[in-house]
Amino acid sequence: MLEQIGEKAMNLEEKYPNIFEKLENKELELRHLLNVDENYEDYDSEEYEFDFEEYNFVIYIAEPIQNILGEKKMETLVDSLKDNEAFENFVISEEDLYGVKSALNEGDIVSLILSHIEEIV
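Remember, it's a predicted structure, so these values are computed and weren't measured experimentally. (Residues numbered from 1 in each chain as written. Predicted model: local features only at pLDDT ≥ 70, side-chain atom pairs only at ≥ 80, totals over all residues. Heavy atoms only, no water.)

**Student:** Please set out the overall build of the protein chain residue by residue, giving values where relevant.
**Tutor:** Broken down by element type, the protein chain carries five helices and four strands. Reading the secondary structure of the protein chain in the N-to-C direction produces α-α-α-β-β-α-β-β-α. Taking contacts inside the protein chain between residues at least 6 apart in sequence as the whole, the part at least 24 apart equals 63%. (Helix = DSSP H or I, 4+ residues; strand = E, 2+ residues; numbered from the N terminus. Contact = heavy atoms within 4.5 Å.)

As structure tokens, then:
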């Protein structure tokens, strides 16, 4: 799904020049930067620790983004996302893994997060 979003909706490097200016590898795809997955109830897996009723999406900030932001700017990103009205619920599991509840779709969440990162970089 995210690959389709990347191909259809945006040329990442053109839309987010500040991010790509800092990346060593300019050939990265969206899935190498950020993952937004729908959270659902899965009785056979303990992969996600987020209650699917409280958090309908799981967000993972991949290593290349973590590296260009650094620890302090990652904290700034988390604070800006936590305070964003687009998220009804926001919980931090790890510094790079979040559960959110939002009425936005996957593509809109991706754009929102990348826009925040673009501003912070």
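Now that the structure has been shown, we can carry on.
**Student:** So, the packing of aromatic side chains: which residues are in play, and what are the values?
**Tutor:** Going through the model one piece at a time under the given rule, you end up with three aromatic pairs. Measuring from ring centre to ring centre gives 6.0 Å for phenylalanine 50 and tyrosine 55, while their planes differ by 65°; the resulting arrangement is edge-to-face. The pair formed by phenylalanine 50 and tyrosine 55 is uniform in burial state, with each residue classed as buried. In textbook terms, an aromatic cluster arises when at least three aromatic residues are bridged by ring pairs, as seen for Phe87, Phe90 and Tyr98. (Phe/Tyr/Trp six-rings, centres within 6.5 Å; stacked < 30°, edge-to-face > 60°. Buried < 20%, exposed > 50% of the residue type's maximum accessible area, 1.4 Å probe, protein only.)

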